[in-house]
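# Fold and contact review
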Amino acid sequence: MIISNDERVKNYFAFYRKRRSENFSDSEIVYEIPLTEQLFDQQMELLSTKKLQSQFENFIIATAERLITPNIKPQTGPDGGGDGKIDAETYEVSDDVSSRWYVGADAAVGKEQWAIAVSCKRQWKSKVESDVAKIIGTGRGYSKVLFFSNQYIKASARIEVEQELSSRYKIPVSIFDRLWCQHAVFQHGCMDIALKELAFSDEYKKKHVSVGPNDKRRQERLDALEKAIVRPVDGLDTGYVDE
(Lines give C-alpha, C1' and ligand atoms only; values in the text may rest on other atoms or scores of the structure.)
Protein backbone atom coordinates (compact mmCIF):
# COMPACT_ATOMS: atom_id res chain seq x y z
CA MET A 1 0.00 0.00 0.00
CA ILE A 2 1.11 3.57 -0.55
CA ILE A 3 1.43 5.57 2.65
CA SER A 4 0.43 9.14 1.93
CA ASN A 5 1.96 12.11 3.71
CA ASP A 6 -1.46 13.08 5.09
CA GLU A 7 -2.00 9.54 6.44
CA ARG A 8 -5.39 9.10 4.81
CA VAL A 9 -4.55 5.66 3.46
CA LYS A 10 -5.78 2.89 5.74
CA ASN A 11 -3.41 0.44 7.37
CA TYR A 12 -5.00 -2.76 6.06
CA PHE A 13 -2.56 -4.99 7.89
CA ALA A 14 -3.53 -3.48 11.25
CA PHE A 15 -7.23 -3.72 10.32
CA TYR A 16 -7.11 -7.44 9.56
CA ARG A 17 -4.85 -8.12 12.50
CA LYS A 18 -7.46 -6.55 14.78
CA ARG A 19 -10.34 -8.50 13.18
CA ARG A 20 -8.53 -11.86 12.94
CA SER A 21 -5.78 -11.70 15.53
CA GLU A 22 -5.71 -15.50 15.84
CA ASN A 23 -4.30 -15.72 12.31
CA PHE A 24 -1.34 -13.48 13.06
CA SER A 25 1.86 -13.95 14.98
CA ASP A 26 1.83 -12.50 18.50
CA SER A 27 5.59 -12.64 18.93
CA GLU A 28 7.53 -9.39 19.11
CA ILE A 29 10.98 -8.34 18.02
CA VAL A 30 12.56 -6.40 20.86
CA TYR A 31 15.62 -4.24 20.22
CA GLU A 32 18.05 -3.91 23.12
CA ILE A 33 18.64 -0.24 22.28
CA PRO A 34 15.52 1.09 20.51
CA LEU A 35 15.99 3.44 17.58
CA THR A 36 14.21 6.71 18.34
CA GLU A 37 12.56 9.11 15.95
CA GLN A 38 15.01 11.81 17.03
CA LEU A 39 18.01 9.66 16.14
CA PHE A 40 16.45 8.66 12.84
CA ASP A 41 15.84 12.33 12.08
CA GLN A 42 19.49 13.14 12.78
CA GLN A 43 20.63 10.35 10.49
CA MET A 44 18.38 11.60 7.71
CA GLU A 45 19.90 15.05 8.09
CA LEU A 46 23.41 13.60 7.80
CA LEU A 47 22.50 12.13 4.43
CA SER A 48 22.66 15.65 2.98
CA THR A 49 25.65 17.00 4.91
CA LYS A 50 27.80 13.91 4.27
CA LYS A 51 26.46 13.29 0.74
CA LEU A 52 25.26 9.75 1.48
CA GLN A 53 23.01 9.53 -1.58
CA SER A 54 23.64 5.82 -2.20
CA GLN A 55 22.60 4.83 1.31
CA PHE A 56 19.37 6.80 1.00
CA GLU A 57 18.64 5.24 -2.39
CA ASN A 58 19.09 1.74 -0.99
CA PHE A 59 16.78 2.57 1.92
CA ILE A 60 14.10 4.06 -0.34
CA ILE A 61 14.12 1.23 -2.87
CA ALA A 62 13.86 -1.47 -0.19
CA THR A 63 11.10 0.45 1.62
CA ALA A 64 9.16 1.13 -1.58
CA GLU A 65 9.39 -2.55 -2.52
CA ARG A 66 7.78 -3.44 0.78
CA LEU A 67 5.13 -0.73 1.00
CA ILE A 68 4.34 0.45 -2.52
CA THR A 69 5.20 -2.05 -5.26
CA PRO A 70 7.60 -5.03 -5.15
CA ASN A 71 8.68 -4.97 -8.80
CA ILE A 72 11.39 -2.31 -8.62
CA LYS A 73 14.64 -2.49 -10.56
CA PRO A 74 17.37 -0.13 -9.29
CA GLN A 75 19.79 1.53 -11.68
CA THR A 76 23.31 0.17 -11.66
CA GLY A 77 26.41 2.16 -10.82
CA PRO A 78 27.84 3.68 -7.61
CA ASP A 79 25.41 6.60 -7.53
CA GLY A 80 22.39 5.25 -9.43
CA GLY A 81 20.65 7.55 -11.88
CA GLY A 82 23.50 8.78 -14.04
CA ASP A 83 22.85 8.69 -17.75
CA GLY A 84 19.70 6.64 -17.12
CA LYS A 85 18.03 9.81 -15.73
CA ILE A 86 16.32 7.75 -13.02
CA ASP A 87 17.36 6.00 -9.80
CA ALA A 88 15.00 3.05 -10.22
CA GLU A 89 12.03 1.88 -12.27
CA THR A 90 9.38 -0.80 -12.16
CA TYR A 91 9.29 -3.73 -14.54
CA GLU A 92 6.40 -5.60 -16.13
CA VAL A 93 4.83 -8.46 -14.20
CA SER A 94 1.98 -10.84 -14.98
CA ASP A 95 -1.37 -10.65 -13.22
CA ASP A 96 -0.71 -14.10 -11.74
CA VAL A 97 2.30 -12.66 -9.92
CA SER A 98 0.85 -9.30 -8.87
CA SER A 99 -2.36 -10.87 -7.54
CA ARG A 100 -0.28 -12.52 -4.83
CA TRP A 101 1.42 -9.34 -3.64
CA TYR A 102 0.65 -8.03 -0.19
CA VAL A 103 0.27 -4.43 -1.34
CA GLY A 104 -2.66 -2.23 -2.20
CA ALA A 105 -4.34 -1.89 -5.57
CA ASP A 106 -2.13 1.10 -6.46
CA ALA A 107 0.97 -1.00 -7.20
CA ALA A 108 2.61 -0.95 -10.64
CA VAL A 109 0.87 -3.99 -12.10
CA GLY A 110 0.75 -5.38 -15.61
CA LYS A 111 2.60 -3.29 -18.15
CA GLU A 112 2.69 -0.15 -16.03
CA GLN A 113 6.15 1.35 -15.82
CA TRP A 114 6.99 3.85 -13.12
CA ALA A 115 10.09 5.99 -12.78
CA ILE A 116 11.61 6.58 -9.35
CA ALA A 117 13.88 9.48 -8.43
CA VAL A 118 15.66 9.84 -5.07
CA SER A 119 17.32 12.98 -3.74
CA CYS A 120 19.20 14.19 -0.65
CA LYS A 121 19.39 17.77 -1.87
CA ARG A 122 17.99 20.48 0.37
CA GLN A 123 16.54 22.32 -2.65
CA TRP A 124 13.95 19.61 -3.21
CA LYS A 125 11.62 21.67 -5.42
CA SER A 126 14.15 22.49 -8.12
CA LYS A 127 15.41 18.91 -7.95
CA VAL A 128 12.02 17.29 -8.49
CA GLU A 129 11.26 19.69 -11.34
CA SER A 130 14.59 18.84 -12.97
CA ASP A 131 14.24 15.09 -12.40
CA VAL A 132 10.71 14.90 -13.78
CA ALA A 133 11.71 16.88 -16.87
CA LYS A 134 14.63 14.50 -17.49
CA ILE A 135 12.44 11.44 -16.95
CA ILE A 136 9.86 12.66 -19.46
CA GLY A 137 12.68 13.54 -21.83
CA THR A 138 13.81 9.92 -21.99
CA GLY A 139 10.72 9.10 -24.06
CA ARG A 140 10.32 5.71 -22.34
CA GLY A 141 6.62 6.18 -21.75
CA TYR A 142 6.57 6.06 -17.97
CA SER A 143 3.05 6.10 -16.57
CA LYS A 144 3.94 7.56 -13.17
CA VAL A 145 6.81 9.30 -11.39
CA LEU A 146 7.67 8.85 -7.72
CA PHE A 147 10.08 11.35 -6.14
CA PHE A 148 11.58 10.68 -2.70
CA SER A 149 13.34 13.33 -0.61
CA ASN A 150 15.05 13.21 2.79
CA GLN A 151 13.79 16.75 3.45
CA TYR A 152 10.66 17.78 5.34
CA ILE A 153 8.21 19.21 2.82
CA LYS A 154 5.21 21.28 3.79
CA ALA A 155 2.02 19.48 2.75
CA SER A 156 0.62 22.46 0.86
CA ALA A 157 3.87 22.91 -1.07
CA ARG A 158 4.04 19.21 -1.89
CA ILE A 159 0.48 19.11 -3.20
CA GLU A 160 1.00 22.26 -5.27
CA VAL A 161 4.14 20.88 -6.95
CA GLU A 162 2.53 17.47 -7.51
CA GLN A 163 -0.46 19.04 -9.22
CA GLU A 164 1.63 21.45 -11.28
CA LEU A 165 4.00 18.76 -12.58
CA SER A 166 1.21 16.24 -13.15
CA SER A 167 -0.71 18.82 -15.19
CA ARG A 168 2.36 19.92 -17.14
CA TYR A 169 3.53 16.43 -18.16
CA LYS A 170 0.14 14.65 -18.21
CA ILE A 171 1.22 11.82 -15.87
CA PRO A 172 0.80 11.43 -12.09
CA VAL A 173 3.72 12.71 -10.02
CA SER A 174 3.90 11.77 -6.32
CA ILE A 175 6.33 13.26 -3.81
CA PHE A 176 7.38 11.50 -0.60
CA ASP A 177 9.33 13.38 2.07
CA ARG A 178 11.13 12.67 5.34
CA LEU A 179 7.86 12.35 7.22
CA TRP A 180 6.83 9.49 4.92
CA CYS A 181 10.17 7.81 5.62
CA GLN A 182 9.68 8.26 9.36
CA HIS A 183 6.19 6.75 9.25
CA ALA A 184 7.46 3.84 7.14
CA VAL A 185 10.07 3.01 9.78
CA PHE A 186 8.14 3.57 13.01
CA GLN A 187 4.56 2.81 12.00
CA HIS A 188 4.75 0.45 9.02
CA GLY A 189 7.40 -2.14 9.88
CA CYS A 190 10.48 -0.90 8.03
CA MET A 191 12.74 -0.55 11.07
CA ASP A 192 14.96 -3.40 9.86
CA ILE A 193 15.50 -1.68 6.50
CA ALA A 194 16.54 1.59 8.16
CA LEU A 195 19.00 -0.16 10.46
CA LYS A 196 20.53 -2.07 7.56
CA GLU A 197 20.74 0.63 4.91
CA LEU A 198 21.29 3.89 6.80
CA ALA A 199 24.56 2.98 8.53
CA PHE A 200 23.35 2.88 12.10
CA SER A 201 25.68 1.42 14.72
CA ASP A 202 25.52 -2.33 15.31
CA GLU A 203 24.38 -1.57 18.85
CA TYR A 204 20.96 -0.64 17.46
CA LYS A 205 20.70 -3.92 15.55
CA LYS A 206 20.91 -6.18 18.61
CA LYS A 207 17.53 -7.79 19.21
CA HIS A 208 15.70 -10.82 20.50
CA VAL A 209 12.32 -12.36 19.80
CA SER A 210 9.73 -12.40 22.57
CA VAL A 211 7.55 -15.41 21.69
CA GLY A 212 3.83 -14.81 22.28
CA PRO A 213 1.49 -17.42 23.79
CA ASN A 214 -0.28 -18.12 20.48
CA ASP A 215 2.98 -18.68 18.64
CA LYS A 216 4.21 -20.89 21.48
CA ARG A 217 1.15 -23.12 21.17
CA ARG A 218 1.52 -23.27 17.39
CA GLN A 219 5.16 -24.28 17.69
CA GLU A 220 4.36 -26.97 20.27
CA ARG A 221 1.68 -28.41 17.97
CA LEU A 222 4.07 -28.35 15.02
CA ASP A 223 6.77 -30.09 17.05
CA ALA A 224 4.27 -32.76 18.10
CA LEU A 225 3.19 -33.33 14.48
CA GLU A 226 6.77 -33.59 13.27
CA LYS A 227 7.60 -35.99 16.07
CA ALA A 228 4.62 -38.15 15.11
CA ILE A 229 5.68 -38.16 11.47
CA VAL A 230 9.25 -39.31 12.15
CA ARG A 231 8.39 -41.97 14.77
CA PRO A 232 9.76 -45.41 13.88
CA VAL A 233 7.36 -47.90 12.32
CA ASP A 234 7.82 -51.59 13.04
CA GLY A 235 8.99 -53.52 10.01
CA LEU A 236 9.62 -50.39 7.89
CA ASP A 237 13.14 -49.21 7.11
CA THR A 238 13.03 -45.42 6.76
CA GLY A 239 16.75 -44.88 6.87
CA TYR A 240 16.84 -43.76 3.23
CA VAL A 241 14.72 -40.72 4.10
CA ASP A 242 17.60 -39.13 5.99
CA GLU A 243 19.85 -39.53 2.98
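Preceding block: the structure.
Residues numbered from 1 in each chain as written. Predicted model: local features only at pLDDT ≥ 70, side-chain atom pairs only at ≥ 80, totals over all residues. Heavy atoms only, no water.

## Looking at the sheet that holds strand E5 (residues 144–149)
The strand order across the open sheet built from 5 strands is E2-E3-E4-E5-E6, with neighbouring strands paired in mixed fashion. Only two strands of the sheet have a single partner each, and these edge strands are strand E2 (72–74) and strand E6 (173–176). In this sheet, neighbouring strand axes are inclined to one another by 20 degrees on average, regardless of whether the strands run parallel or antiparallel. With 6 bridges joining them, strand E4 (residues 114–119) and E5 adopt parallel strand pairing. When the sheet's bridge partners are listed, Ala115 is paired in E5 with Val145. (Pairing = 2+ DSSP bridges. Helix = DSSP H or I, 4+ residues; strand = E, 2+ residues; numbered from the N terminus. Axes fitted to C-alpha atoms, helices over the stretch in contact; angles between N-to-C directions.)

## So, the nonpolar core
By size, the foremost hydrophobic cluster in this structure holds 33 residues, and its most contacted members are Phe40, Phe56, Phe59, Ile68 and Phe148. Of all the secondary-structure elements, those providing two or more residues to this core are helix H2 (37–49), helix H3 (53–67), E4, E5, helix H7 (178–186) and helix H8 (191–197). Of all the elements, H3 adds the most residues to this core, at 6 residues. Every residue in contact with Phe148, bar those within four places of it in the chain, is listed here: Phe56, Ile60, Ala64, Ile68, Ile116, Ala117, Val118, Ser119, Phe176 and Trp180. Counting 17 residues, the second largest nonpolar core, distinct from the first, contains Ala115, Phe147, Tyr169 and Ile171. (Core = buried A, V, L, I, M, F, W, Y, C linked by side-chain atoms within 4.5 Å. Buried < 20%, exposed > 50% of the residue type's maximum accessible area, 1.4 Å probe, protein only. Contact = heavy atoms within 4.5 Å.)

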